[in-house]
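Structural overview for review
As a plain string of letters, each chain reads:
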Amino acid sequence: MEFKVVDLEREPIEFDLELAPGVVDCGSEAEQQGPLATSGQAEVLHEHRGPKDIVADIRLKGRFAGKFQVPCARCIEPVEIPLGAEFDLIFRPVAADADATERSITAPETEIGYYQKDGLALEDVLREQVLLSLPVRTLCKPDCKGLCPRCGVNRNSQVCSCEEGPSDLRWEALAGLRGRIESKQAPR
Ligand SMILES: [Zn+2]
Ligand SMILES: [Zn+2]
């Protein structure tokens with residue numbers, strides 16, 4: 001869904017949507033499960049910088065909620081988590097600040113996003129909002145045992161002998177050699 005400034009100049013646009021998986025591309029970090037619900041309103045805010053210098057900002061206010069699969073931080077198995085957040089964002093036309101390198105940027109201004117050309121895609125905003133709402137670290141369970149750093153098995157479901165065995169690969173080679181010698185010496 002695209003919010004065009006020309007349309008928003010006439011009247012604010014309200015939205016209430018359920019987006020199918022794939023509409024918002026969150027990359028490999030989060031995979032959407034089922035519909036992503038989002039609703040809110042877009043409107044134009046006019047920044048009066050001078051008598052003839054009026055900048056049309058887009059204010060996008062709303063919320064989203066959905067289920068996502070993210071990899072467990074230890075064993076990389078997919079974990080389903082609910083994500084949701086409210087947002088109230090200002091987007092300025094990218095050209096409006098093109099000559100603003102000398103203008104001092106105050107703290108609130110760093111929160112401002114930009115839109116290209118004549119409008120703003122809701123999907124782009126949602127992708128960023130979903131990624132921002134991701135927890136720093138998700139575990140499939142609090143005591144996830146993770147992957148074996150040596151053989152890579154998932155220690156939650158499989159037991160490997162790496163832990164008890166010596167970590168020296170030369171010993172393994174030796175053990176293999178001994179096995180071969182023994183089978184030669186005792187053919188049955
Ligand atoms: Zn895990
Ligand atoms: Zn192992």
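The following refers to the structure shown. The numbers attached to residues start from 1 for each chain and follow its sequence in the written order. The naming scheme follows written order: chains are lettered A onward, ligands numbered 1 onward. It should be noted that, the model being predicted, local features are given only for residues of pLDDT at least 70 and side-chain atom pairs only at 80 or more, the latter also being counted only at that level, while totals for whole chains, interfaces and linings use all residues. Side-chain descriptors were evaluated using all non-hydrogen atoms of the structure, hydrogens and water having been removed beforehand.

Note on conventions: DSSP H or I runs of at least 4 residues are helices, E runs of at least 2 residues are strands, and numbering of each starts at the N terminus. The helix and strand tally for the chain stands at three helices and seven strands. Along the chain, helices (α) and strands (β) appear in the sequence β-α-β-β-β-β-β-β-α-α when read from the amino end. Residues count as neighbours in contact if any of their non-hydrogen atoms are within 4.5 Å of one another. Considering only residue pairs separated by 6 or more positions, the chain has 58% of its internal contacts joining residues 24 or more positions apart. For the chain, the accessible area works out to roughly 12,600 Å², and carbon and sulfur atoms hold 52% of it. For the accessible areas, the method is Shrake-Rupley and the probe is 1.4 Å, while residue cover comes only from the protein chains on display.

Tetrahedral coordination by four donors sets the ideal angle at the metal to 109.5 degrees; octahedral coordination by six donors sets it to 90 or 180 degrees. Distances up to 2.8 Å from the metal define which N, O and S atoms are donors, and 3.2 Å serves for Na, K and Ca; water is absent from the atom set, so sites may look incomplete. Protein ligation of the zinc ion (ligand 1) involves Cys-72 (SG), Cys-75 (SG), Cys-140 (SG) and Cys-144 (SG), the donor distances falling in the range 2.3 Å. For the zinc ion (ligand 1), the four donor atoms in the first shell make angles of 105 to 114° at the metal, so the coordination geometry reads as tetrahedral. Throughout, exposure labels follow a simple rule: accessible area from a 1.4 Å probe, protein chains only, divided by the maximum for the residue type, with under 20% read as buried, over 50% as exposed, and the rest as partly exposed. For Cys-75, a relative accessible area of 2% puts it in the buried group. Every angle between 85 and 135 degrees makes a four-donor site tetrahedral, while opposite donors more than 155 degrees apart, with all other angles between 65 and 115, make a four-donor site square planar and a six-donor site octahedral; other sites are irregular.

Our next topic: the side chain of Gln-32. If you trace the backbone, Gln-32 turns up in strand 3 (residues 31–50). Any pair of nitrogen or oxygen atoms within 3.5 Å is treated as a polar contact; in protein, a donor-acceptor pairing is required on top of that, and neighbouring residues in sequence qualify only through side-chain atoms on both sides. Looking at Gln-32, its side chain comes within polar contact range of the main-chain oxygen of Leu-19, at 2.9 Å. Looking at Gln-32, its side chain comes within polar contact range of the main-chain oxygen of Gly-34, at 2.9 Å. Those residues in contact with Gln-32, other than ones at most four positions away along the chain, are Leu-19, Ala-20, Pro-21, Gly-22, Val-24, Lys-67 and Phe-68.

Before going further, it helps to spend a moment on the nonpolar core. Residues Leu-60, Phe-91 and Leu-126 are the most contacted members of the largest nonpolar core, which totals 33 residues. Of all the elements in the fold, those that place two or more residues in this core are helix 1 (5–10), strand 2 (13–19), strand 3, strand 4 (53–71), strand 5 (78–93) and helix 2 (122–133). For Leu-126, the contacting residues outside a window of four places in its chain are Leu-19, Val-24, Leu-36, Thr-38, Phe-64 and Phe-87. Definition of nonpolar core: a set of buried residues of the types Ala, Val, Leu, Ile, Met, Phe, Trp, Tyr and Cys, connected through side-chain atoms within 4.5 Å.

Time to look at the coordination of the zinc ion (ligand 2). Protein-derived ligands of the zinc ion (ligand 2) are Cys-148 (SG), Cys-151 (SG), Cys-160 (SG) and Cys-162 (SG), with the metal-ligand distances lying across 2.3 Å. Metal-centred angles of 106 to 114° between the four donor atoms at the zinc ion (ligand 2) mark the site as tetrahedral. On the primary sequence, the residues serving as donors to the zinc ion (ligand 2) are separated as C-x2-C-x8-C-x1-C. Under the relative-accessibility criterion, Cys-160 is labelled buried at 12%.

To continue, consider helix 2. Expected span, for any helix, means 1.5 Å times one less than how many residues it has. Its twelve residues give helix 2 an end-to-end C-alpha distance of 16 Å, which sits within 8% of 16 Å, the value for a rise of 1.5 Å per residue. Within helix 2, the full set of buried residues consists of Leu-122, Glu-123, Val-125, Leu-126, Gln-129 and Val-130. For helix 2, the buried positions fall inside an angular range of 155° around the axis, keeping them on one side. Elements in contact with the buried residues of helix 2: strand 1 (2–4), strand 2, strand 3, strand 4, strand 5 and strand 7 (119–121). Along the arc lie the directions from the helix axis toward the C-beta atoms.

Attention now moves to the sheet that holds strand 2. As summarised here, the arrangement of the five strands in space is 2-3-4-5-6, forming an open sheet in which the pairing is mixed. Of all strands in the sheet, those bounded by a partner on one side alone are strand 2 and strand 6 (113–115). Each adjacent strand pair in this sheet contributes to an overall mean axis angle of 30°, direction not counted. Here a strand pair is declared whenever DSSP counts at least two bridges between the two strands. The pairing of strand 2 with strand 3 spans seven bridges and is antiparallel. Bridge assignment links Glu-18 to a residue of strand 3, and that residue is Ala-37. To get an axis, fit a line to the C-alpha atoms, keeping to the stretch in contact for a helix; angles then go from 0 to 180 degrees between the N-to-C directions.

Functional significance is not addressed by these values, which are geometric in nature.
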